[in-house]
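Chains, contacts and geometry: an overview
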Amino acid sequence: MDSSLHESPATVSMPRGSRWFAGMWVTASAMLREASEGLAGLLGVRIVRLSGVDRSEIEAHLLQLDPVSRANRFMGAVDATCVRRYVAGIDFTRDLVLGARIGLSLVGVVHAPVHGAPGGPVAELGISVRARHRHDGIGTQLLAATVREAREQGVTAVQLRYLASNAPMAAWARSAGARISRAGAECTAVVSTAPAAPAVPRLAT
Ligand SMILES: CC(C)(COP(=O)(O)OP(=O)(O)OC[C@H]1O[C@@H](n2cnc3c(N)ncnc32)[C@H](O)[C@@H]1OP(=O)(O)O)[C@@H](O)C(=O)NCCC(=O)NCCS
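Rules of the game
Residues numbered from 1 in each chain as written. Predicted model: local features only at pLDDT ≥ 70, side-chain atom pairs only at ≥ 80, totals over all residues. Buried ≥ 20, exposed ≤ 12 C-beta atoms within 10 Å, placed from the backbone. Helix = DSSP H or I, 4+ residues; strand = E, 2+ residues; numbered from the N terminus. Arc of directions from axis to C-beta. Near = placed C-beta within 6 Å. Nonpolar A, V, L, I, M, F, W, Y, C, P; charged D, E, K, R; others polar. Pairing = 2+ DSSP bridges. Right-handed = clockwise from strand over helix to strand, strands pointing away. Contact = placed C-beta atoms within 7 Å.

A few words on helix α8 (residues 167-175). Listed in full, the buried residues belonging to α8 are M169, W172 and A173. One side of α8 carries all its buried residues, which in axial view fall inside an arc of 100°. In α8, those exposed residues whose orientation departs by more than 90 degrees from the buried face are A167, A171, R174 and S175.

What follows concerns the site of the ligand. The environment of the ligand is formed by 22 residues, the closest being N72, R134, G139, T140 and A167. Those elements that place two or more of their residues in the shell around the ligand are α5 (67-74), β5 (122-129), α7 (138-152) and α8. The element contributing the most residues to the shell around the ligand is α8, with six residues. Taken together, the residues of the shell around the ligand sort by class into nine nonpolar, ten polar and three charged.

Within β5, six of the eight residues are buried, leaving the element largely enclosed by the surrounding structure. Note: strand β3 (residues 105-112) against β5, four bridges, orientation antiparallel. Considered in β5, the bridge of V109 is made with S128. Note: strand β4 (residues 114-115) against β5, two bridges, orientation antiparallel. Note that in β5 the partner of V114 across the bridge is A123. A loop of six residues connects β4 with β5, the two strands running antiparallel in sequence, and G120 in this loop sits at a positive phi of about 125°. One ladder, built from four bridges, connects β5 with strand β6 (residues 157-163); its direction is parallel. For A123, the partnering residue across the bridge sits in β6 and is V158. Read from β5 through α7 to β6, the crossover connection turns out right-handed.

With that out of the way, let us pick up the environment of A164. As for its position among the elements, A164 is in the loop between β6 and α8. Each C-alpha atom, one on A164 and one on R182, is 7.8 Å from the other, the two residues being 18 residues apart in sequence. In this structure A164 touches A170, R182, A185 and C187, once residues within four positions along its chain are discounted.

These figures capture arrangement, not role.
As structure tokens, then:
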């Protein structure tokens, strides 16, 4: 876990009383989050659009990924400074940014920067789910919601880069009917957002 998350200069220079209060506040909000996550079965998972007010939560989510997950997410080893710079650069007016919440906790994030391409705008998707909430279908829900959102925003395709060894991503790409290409250890999956053509009824002869 990245300890620098808890080392803000503001905390260091605070008077003792305020420091105690800040400490209590952090503990209380963490307990509240834990409690609300504990009620996950009752509260369920909500897939939501994220905005600028969620930026620090997105940063905390990405910073708590273990090294392997972080490398899978960013397609290579990146340090905390890179992650912070990446989050600071998210353009919420242009990109698709979705979150999965259980109670108050942000347990999954999709950030898909949208850029122009010859066939129409393409969203390049990055996804992560907090380790303790994996294998529960949250990633699948986030991905489905992103494809829907992309379609609604006029984005023609969602593209995902992942390592060939990333079993969940390979499973999703296959089940989403993606066009998959592979270059060495890296795969690229492209999912068209066009709705499937309706089945044409056969004419009676
Ligand atoms: C990839 C990731 C987002 C998946 O999140 P998740 O919530 O566990 O995903 P789901 O539970 O919806 O599972 C997705 C699919 O992968 C399969 N799957 C999940 N974990 C698996 C595993 N370890 N091995 C094989 N298949 C697995 C599931 O069966 C499911 O396939 P299905 O729809 O055919 O049943 C999560 O593992 C993660 O955050 N990884 C680190 C970041 C990353 O790799 N990002 C992708 C590149 S940007």
